[in-house]
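Overview (structure and organization)
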Amino acid sequence: MKMGEHVSKRYIRSVFLLSSAGLVISGYLAYVHAMTHLDPLFTSACTISQKFDCETVAQSPYAIFSGLPWAHWGILYYALCLTLFSSLRAANRSELIPIAMLPLGSLHVGFSLYLSHLSLTTIGVFCPLCLADHLIGLIFFINGVMELFRGGLSAWHKNASALLAFILYRRALYLPLFFLVTIFVAVRLFVPPYWHIPPSVLNLDGIQTGVTSDGHQWIGAREPIITIEEYTDYRCFHCRKLHYQVRALIARHPDAIRLVHRHYPLDHFYNPIVEVGHTRQGSGKLALVAIAAADFGKFWPMNDNLYQLAARHIKAVNLQELADFIDVPADDYVAAYSSNTSREKLRLDIISGIKNEISATPTYIIAGKTYTGMLPMDEIKKILAVEQP
């Protein structure tokens, strides 16, 4: 009796349902990955708490594997599973489905363990939908193993050879596989790497800096045509992304544009509008780190350094090392960091942001208009064109 006669209907249904569910989850994760990088105001349905947050995981460099987001690889994986499943069912070769799916399930479990290890030890945050996908992979694998023992081990060697012959000589399988590979290669070649933030060397040489009359740090033009007020958070991915763009803009127009910095950490320990479950924990302390550096005239080097540390996903900072970075005595720096004066400066910046109804970062105010999550480049170019004919 052939193994195919013993393949349970429950197993057949489970392969189809798990693969379909995995394809939907991978598709949504691909959407979350893109929107998280492209839209600062985007909030995903799978952001539950500080420890379970799809967006934080998507913003991690570990969300990319071999030049593409893991979600894209997931789409390819499940599409391949469904293609093989459908082809075997159409050819009335259901006995080969467990042979095809068990190696794929084993591969899935291996990558799931690796990604779970990264979330636990490196990223420090779990993606709920990724965990659901890992569970699908585990069930996929367990069902395959159970079907292996249920159908009998002796038939597997024979059916493995039959599966190989089916894949090699089943011409009806060539077109969908070619279609899958073509689409994937096209995505790999032609979809721009929207997740990539080009490394930039932020050079302060030749660029003026100073302090406004109300005590805020500025960089750029001493007599500006355009003044940009920024409200940012050092734990904010999009703040870091736009930080390089703003500084590049100032480098191109050092005598026309001035950037004025204000701290607005979305940290519930410091900012009263932030709910506990949606906090960027630690960003308030990083703001104090920068404020303390300003007391020694080193705000902009420290500001740039904090974004570079964020790019390397360094979560804890050492005040001794930061003091050494700006070449000031550690005791004096720690005293400035811990002072009530620094905390009051931060409090006033946060109050200013609340009065301006700021609820997300980065936010920019230009000529009285508020822009959240983006720089109005067209407006800036128009003003510069009029003032600098």
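Remember, predicted model here, so these are calculated numbers, not experimental data.

**Focus: the overall build of the chain**
Each helix and strand in the chain was counted, giving 14 helices and eight strands. The globule rule puts the C-alpha radius of gyration for 389 residues at 21 Å, and the 27 Å found for the chain is more than 25% above it. Principal-axis analysis of the C-alpha atoms places the extent of the chain at approximately 90 × 50 × 35 Å. Looking at the chain as a whole, 47% of its 389 residues qualify as buried. Contacts in the chain between residues far apart in sequence, at least 24 positions, make up 75% of those at least 6 positions apart. For the chain, the separation between the mean place of its 32 positive charges and that of its 29 negative charges on side chains is 14 Å.

**Overview of the pairing of strand β3 (residues 208–211)**
In the sheet, β3 pairs with strand β4 (residues 217–220) via four bridges, with the strands oriented antiparallel. Paired with Gln-208 across the two strands is Gly-220, which belongs to β4.

**Comments concerning the state of the cysteines**
Counted by the stated rule, this structure contains one disulfide. Each sulfur in the disulfide pair Cys-46 and Cys-54 lies 2.0 Å from the other. When sorted by exposure, Cys-46 lands in the same class as Cys-54, which is buried.

**So, helix α10 (residues 299–311)**
Helix length check: α10, at 13 residues, gives a terminal C-alpha distance of 19 Å against a target of 18 Å (1.5 Å per residue), a fit within 8%. Among the 13 residues that make up α10, ten are buried, leaving the element largely enclosed by the rest of the structure. By the burial criterion, the buried members of α10 are Phe-299, Trp-300, Met-302, Asn-303, Asp-304, Asn-305, Leu-306, Tyr-307, Leu-309 and Ala-310. Where α10 ends, the next residue or the one after it, His-313, has phi of about 55°, a positive value.

**Considerations on the sheet that holds β3**
In spatial order, the strands read β3-β4-β6-β5-β7-β8; together these six strands make up an open sheet with mixed pairing. Each edge of the open sheet carries a strand with a single partner, namely β3 and β8 (369–372). Strand-to-strand twist across the sheet, computed as the mean angle between neighbouring axes with direction ignored, equals 25°. Sheet topology note: the β4/strand β6 (residues 257–263) ladder contains three bridges and is antiparallel. Looking across to β6, one finds that Trp-218 is bridged to Val-260. Strands in contact with helix α13 (residues 340–355) are β5 (226–232) and β6; relative to β6, the strand with the most contacts, it is inclined by about 105°.

**Looking at unusual backbone geometry**
Put simply, Thr-361 and Pro-362 share a cis peptide bond, and its omega is -5°. Looking at where Pro-362 falls in the secondary structure, it is placed in the loop between α13 and β7 (363–366). Even without glycine at this site, Asn-92 takes up a positive phi of about 60°. Mapped onto the elements of the fold, Asn-92 is located in the loop between α3 (70–90) and α4 (97–123).

**A short note on the packing of aromatic side chains**
Scanning all chains against the criterion turns up 15 aromatic pairs. Ring centres of Tyr-31 and Phe-42 lie 5.6 Å apart, and the angle between their planes is 90°; this geometry places the pair in the edge-to-face category. Remark: Phe-42 occurs in the loop between α1 (9–38) and α2 (54–59) and Tyr-31 occurs in helix α1; sequence separation between them is eleven residues. A network of ring pairs unites the aromatic residues Phe-65, Trp-70, Trp-73, Phe-111 and Phe-184 as a single cluster. Positioned over the ring face of Trp-218 is Arg-258, at 4.0 Å from the centre of the ring.

**Observations concerning the pairing of β7**
Residues of β7 alternate between two faces, with Thr-363 and Ile-365 on one and Tyr-364 and Ile-366 on the opposite face, all of them buried. Across four bridges, the pairing between β5 and β7 is antiparallel. The residue bridging Ile-228 from the neighbouring strand is Ile-366, located in β7. Taken together, β7 and the strand that follows it, β8, pair antiparallel across an intervening segment of two residues, in which Ala-367 is found at a positive phi of about 50°.

**Observations regarding the environment of Leu-29**
Tracing the backbone through its elements, the reader meets Leu-29 in helix α1. Under the relative-accessibility criterion, Leu-29 is labelled buried at 12%. In this structure the C-alpha to C-alpha distance between Leu-29 and Tyr-333, which are 304 residues apart in sequence, comes to 43 Å. Excluding its chain neighbours within four sequence positions, the residues that come into contact with Leu-29 are Ala-71, Cys-127, Leu-129 and Cys-130.

**As for the pattern of salt bridges**
For the structure shown, the criterion picks out seven salt bridges. Here Arg-93 makes a salt bridge to Glu-95, at a shortest N to O gap of 2.5 Å. The partly exposed category is assigned to Arg-93, whose relative accessible area is 27%. By relative accessible area, which is 8% here, Glu-95 ends up buried. Salt bridges sharing common partners tie together Asp-214, Glu-229 and Arg-262.

**Quick notes on the packing of helix α9 (residues 283–294) against α10**
Two elements in contact, α9 and α10, have axes separated by 7 Å at closest approach and are oriented at 155°. Classified by the angle between their axes, α9 and α10 sit roughly antiparallel to one another. Note on packing geometry: the crossing formed by α9 with α10 is right-handed. Contact residues: α9 offers Leu-286, Val-289, Ala-290, Ala-293 and Ala-294, while α10 offers Phe-299, Met-302 and Leu-306. Here the residues of the contact of α9 with α10 sort into eight nonpolar, no polar and no charged.

What counts as what
- Residues numbered from 1 in each chain as written.
- Predicted model: local features only at pLDDT ≥ 70, side-chain atom pairs only at ≥ 80, totals over all residues.
- Heavy atoms only, no water.
- Helix = DSSP H or I, 4+ residues; strand = E, 2+ residues; numbered from the N terminus.
- Rg over C-alpha atoms; globule rule 2.2 N^0.38 Å.
- Buried < 20%, exposed > 50% of the residue type's maximum accessible area, 1.4 Å probe, protein only.
- Contact = heavy atoms within 4.5 Å.
- Lys, Arg positive; Asp, Glu negative; His and termini not counted.
- Charge placed at Lys NZ, Arg CZ, Asp CG, Glu CD.
- Pairing = 2+ DSSP bridges.
- Disulfide = S-S within 2.5 Å.
- Expected span 1.5 Å × (residues − 1).
- Axes fitted to C-alpha atoms, helices over the stretch in contact; angles between N-to-C directions.
- Phe/Tyr/Trp six-rings, centres within 6.5 Å; stacked < 30°, edge-to-face > 60°.
- Lys NZ or Arg CZ within 6 Å of the ring centre and 35° of its normal.
- Salt bridge = Lys/Arg side-chain N within 4 Å of Asp/Glu carboxyl O.
- Parallel < 35°, antiparallel > 145°, perpendicular 65-115°, else oblique.
- Left-handed = near helix turned anticlockwise from the far one by under 90°.
- Nonpolar A, V, L, I, M, F, W, Y, C, P; charged D, E, K, R; others polar.

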